[in-house]
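# Structure at a glance
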Amino acid sequence: MYKKVMSVLLIVAVIGSLVVGCGKEKESSVPNNDPVAQDQYGDTGGLKLPIVDTPTTITWMVVSPVQGLNDKLVAKEIEKRTGIKLDILAIPPDGALEKAKTTVASGKLPDIMQGLTIREVNDLGAQDAIVAINDYLDELPNFKKLYVDNPDNNWVMKSYTNEDGKLYTWPIAGIARDVNHGFLYRKDIFDKNGIKEWTNTEEFYQALKKLKEIYPDSIPYASKTNTQIFKDWSYGWGIGGSSYPAYYDEKDGEWKLAVTSPEYKEMIDFIKKLYNEGLMDQEFLTDTSANWTAKMTQKEKSFVTFDWIGRLDMFYGQVKDQIPEYDLRYANPVGPTGHVRTINKIDNFGTMVANNKNKEVALKLLDYLTSPSGGTLISMGVEGVSYEVDGSGKITYPELKDVPKVDIGTLEDKYGCWVEGMYFTSDKRSVYFDYTEKEKEAQDKILNGNKFEPLDPILNFTNEENARIAEIYTSLFKGAEEFSTKYVLDKSHGEAEWNEWLKQAEKLGAKEFIEIYNAAQKRYDSAK
């Protein structure tokens, strides 16, 4: 399970003029003035608890299917430790983006909310609707230590700020796993037929070919991601990245366009080959998740796919009674680089603080949740209350002992942990990092082999550049998907159609698109 982050490229129109909303104060019943609080609650990073001396309520809009979060353990514990009473408005995930935009347009901002792109957040900051975090660094020891003083992370002060160097959005660190997606294969079927796991692209092809010979009615490779397959596979060809279809070429030190590169043609030629030979699902561009699941959980139907590592155990749980030998495992990457996506250790959900009378209290609350103490609370709960630690360091949840698998969804529902919009760091002892044997094998395979594609820089664009990127991106990305789909499906398509696409891409603004990235890269490189 992985919480999605909206791409900076998916930019929408600038929100109209806003009126700053004020959080309402309510009486807090348990402000904590205990002088031993610092030791009692662990490492607060130098932030003093309680945060407030007088009852203060903070309104907070979050994304969660769970209602009643104000009455859960985490909210109550935050009030106990900080003196801050939370008034949480939980928005179901399906309507979160629309609700965020509606809230902003209304002008009545909660004290804390999330859900906008970097550009939209900076637009609000320019209107003084929200607070510039770097104006309060002296009061935010955890933020300062993590994002200003740390040379590995202080790029956020270049990448997330506006043109005036103001930072309006609070990042997230230490949440991501190292490996979360990749190629998966039926090890039981491979072993049964003496087929070794592939170590390169040719071996991958030969394995699928052999499976088709043995099981002529099978679909060796099944897919449910539709046109997303072109991005998913791109890392193995060295053209993937968070800004796709733009990617940074470390060798040449410049940004390039993936969908017009020689590597992209090589990749779609390979996909076309698999498709033409019946090794790739003929419905791979249209298949539903349900159909894909059915193919992957039959005894001898489909044997290789690309998906989330949680499927390794999930699918086994679904079929173990009918196919007890079923053994889905994480496979080596496909493509000449042999790389998978590198997940950035820092992310951004567009979390922002309204510019009202509660702003300093809200900022300090976020700083507490960024501390080791806050990270443990939000990702695990409270020791001795929600969880226990035995002599070997094993974590157990006594109240959840009858739950087959305690995951972050379970903790969110029971205790109010792992609520999207409320976590800013985590405790590595959390269940999210408590890998099953198969998931651990996936982490080790990529980590031990150092099979990660380098991270691209996260650039900071001007408003004018952002507007132009958004305009070009829409037509360019759509054009690339349409071309790639036809290229793979139509046997007659080849070199001539590829050359036609290159000309079309130029007409759609490919050159200007990449020039904007390289101009922003020059500013990034020259910034302190």
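What counts and how
- Residues numbered from 1 in each chain as written.
- Predicted model: local features only at pLDDT ≥ 70, side-chain atom pairs only at ≥ 80, totals over all residues.
- Heavy atoms only, no water.
- Helix = DSSP H or I, 4+ residues; strand = E, 2+ residues; numbered from the N terminus.
- Rg over C-alpha atoms; globule rule 2.2 N^0.38 Å.
- Buried < 20%, exposed > 50% of the residue type's maximum accessible area, 1.4 Å probe, protein only.
- Contact = heavy atoms within 4.5 Å.
- Salt bridge = Lys/Arg side-chain N within 4 Å of Asp/Glu carboxyl O.
- Pairing = 2+ DSSP bridges.
- Core = buried A, V, L, I, M, F, W, Y, C linked by side-chain atoms within 4.5 Å.
- 1 Å grid on protein atoms, 1.4 Å probe; cavity = no way out; pocket = protein on both sides within 12 Å on 5 of 7 lines; lining within 4 Å.
- Points joined across faces, edges and corners; volume = space filled by probe spheres on them.
- Polar contact = N/O pair within 3.5 Å; in protein donor to acceptor, adjacent residues only side chain to side chain.
- pLDDT = per-residue confidence, 0-100.
- Phe/Tyr/Trp six-rings, centres within 6.5 Å; stacked < 30°, edge-to-face > 60°.
- Lys NZ or Arg CZ within 6 Å of the ring centre and 35° of its normal.
- Arc of directions from axis to C-beta.
- Axes fitted to C-alpha atoms, helices over the stretch in contact; angles between N-to-C directions.

## Overview of the overall build of the protein chain
Along the protein chain, the regular secondary structure elements total 19 helices and 12 strands. Relative to the globule expectation of 24 Å for 528 residues, the C-alpha radius of gyration of the protein chain, 25 Å, shows essentially globular dimensions. By the burial criterion, 55% of the 528 residues in the protein chain qualify as buried. Of all intrachain contacts in the protein chain linking residues separated by at least 6 positions in sequence, the fraction that spans at least 24 positions is 77%.

## With respect to the pattern of salt bridges
Following the criterion strictly, the structure yields 30 salt bridges and no others. The salt bridge partner of Lys-101 is Glu-120, with a shortest N-O separation of 2.7 Å. Of this pair, Lys-101 sits in helix H3 (residues 96-106) while Glu-120 sits in helix H4 (residues 118-126), and the two are 19 residues apart along the sequence. Overall, Glu-120 belongs to the buried group, its relative accessible area being 1%. The salt bridge partner of Lys-192 is Glu-300, with a shortest N-O separation of 3.6 Å. You can see Lys-192 sitting in helix H7 (residues 187-192) and its partner Glu-300 sitting in the loop between helix H11 (289-296) and strand S8 (304-308), a full 108 residues away along the chain. The exposure class assigned to Glu-300 is partly exposed, which follows from its relative accessible area of 35%. Linked through salt bridges whose partners overlap, the residues forming this network are Asp-327, Arg-329, Glu-437, Lys-438 and Glu-441.

## Some details on the pairing of strand S4 (residues 170-173)
Because side chains alternate across S4, one face comprises the buried residues Trp-170 and Ile-172, and the other comprises Pro-171 and Ala-173, equally buried. Of the strand pairs in this sheet, S4 and strand S10 (residues 346-353) are connected by 3 bridges, and their pairing is antiparallel. Considered in S10, the bridge of Trp-170 is made with Thr-351.

## Regarding the nonpolar core
Judged by nonpolar contacts, the single largest core of 129 residues is most densely connected at Phe-204 and Trp-233. Counting residues in hydrophobic clusters, the runner-up holds 18 residues, among them Val-179, Ala-222, Tyr-326 and Tyr-330.

## Quick look at the layout of surface pockets
Put simply, the second largest pocket is a space of about 830 Å³. Lining the second largest pocket are 29 residues, and of these Lys-405, Val-406, Asp-407, Val-431 and Asp-434 sit closest to its centre. Looking at the lining of the second largest pocket, the elements that each hand over two or more residues are helix H12 (311-319), strand S12 (395-396) and helix H15 (408-415). No other element matches H15, which puts 3 residues into the lining of the second largest pocket.

## Some points on the side chain of Ser-426
The residue Ser-426 is located in the loop between H15 and helix H16 (437-449) in this model. Looking at Ser-426, its side chain comes within polar contact range of the main-chain oxygen of Gly-174, at 2.6 Å. Ignoring sequence-local partners within four residues, the contact set of Ser-426 consists of Ala-173, Gly-174, Ile-175, Gly-375, Ser-379, Trp-418 and Phe-433.

## Digging into the confidence of the model for the protein chain
Of all residues in the protein chain, 92% have pLDDT values of 70 or greater, and the mean over the chain is 91. In the predicted structure, residues 1-38 sits below a pLDDT of 50 and forms 105 contacts with residues beyond four places in sequence or in another chain.

## Observations concerning the environment of Leu-274
Tracing the chain through its elements places Leu-274 in helix H10 (residues 262-276). Sequence separation between Leu-274 and Tyr-221 is 53 residues; the distance between their C-alpha atoms is 8.8 Å. Beyond its immediate chain neighbours, meaning those up to four positions away, Leu-274 contacts Phe-204, Tyr-205, Leu-208, Trp-233, Leu-279 and Met-280.

## Focus: the packing of aromatic side chains
How two aromatic rings sit relative to each other is set out by the distance from centre to centre and by the angle between their planes. For the structure on display, the rule yields 37 aromatic pairs. Judged by centre distance (6.4 Å) and plane angle (75 degrees), the rings of Phe-204 and Tyr-221 are edge-to-face. On the criterion of sequence distance, the pair formed by Phe-204 in helix H8 (residues 201-214) and Tyr-221 in the loop between H8 and helix H9 (228-234) is long-range, its members being 17 residues apart. Of the residues examined, Tyr-221 reaches a relative accessible area of 0% and is grouped as buried. Taken together, Phe-183, Tyr-185, Phe-190, Trp-198, Phe-204, Tyr-221, Trp-233, Trp-237, Phe-270 and Phe-306 form an aromatic cluster joined through their ring pairs. Sitting over the face of the ring of Tyr-432, Arg-177 holds its NZ or CZ atom 4.1 Å from the ring centroid. Over the ring of Tyr-487 we find Lys-272, and its NZ or CZ is 5.2 Å from the ring centre.

## Observations concerning H3
Listing the buried residues of H3 in full gives Ala-96, Ala-100, Thr-103 and Val-104. Relative to the axis of H3, the buried residues are bounded by an arc of 95 degrees and lie together on one face. Set apart from the buried face of H3 by more than 90 degrees, the exposed residues are Glu-98 and Ala-105. Structurally, H3 contributes buried residues whose contacts are with strand S1 (56-63), strand S2 (84-91), strand S3 (112-113), H4 and S10.

## Points about the sheet that holds strand S9 (residues 328-330)
Pairing is antiparallel across the open sheet formed by 3 strands, whose spatial order is S8-S5-S9. Looking at strand neighbours, the two that pair on one side only are S8 and S9, the edges of this open sheet. When the angles between neighbouring strand axes are averaged without regard to direction, this sheet yields 40 degrees. With 5 bridges joining them, strand S5 (residues 181-186) and S8 adopt antiparallel strand pairing. Following the sheet pairing, Phe-183 is matched in S8 by Phe-306. Lying over the sheet, H11 contacts S5, S8 and S9, oriented at roughly 125 degrees with respect to S8.

## A short note on the environment of Leu-476
Within the secondary structure, Leu-476 is located in helix H17 (residues 463-489). A residue is classified by how much of its surface remains accessible, and Leu-476, at 1% relative accessible area, is buried. For Leu-476 and Phe-513, which are 37 residues apart along the polypeptide, the C-alpha to C-alpha distance reads 9.2 Å. Discounting chain neighbours no more than four positions away, the residues touching Leu-476 are Leu-257, Trp-501, Ala-505, Leu-508, Ala-510 and Phe-513.

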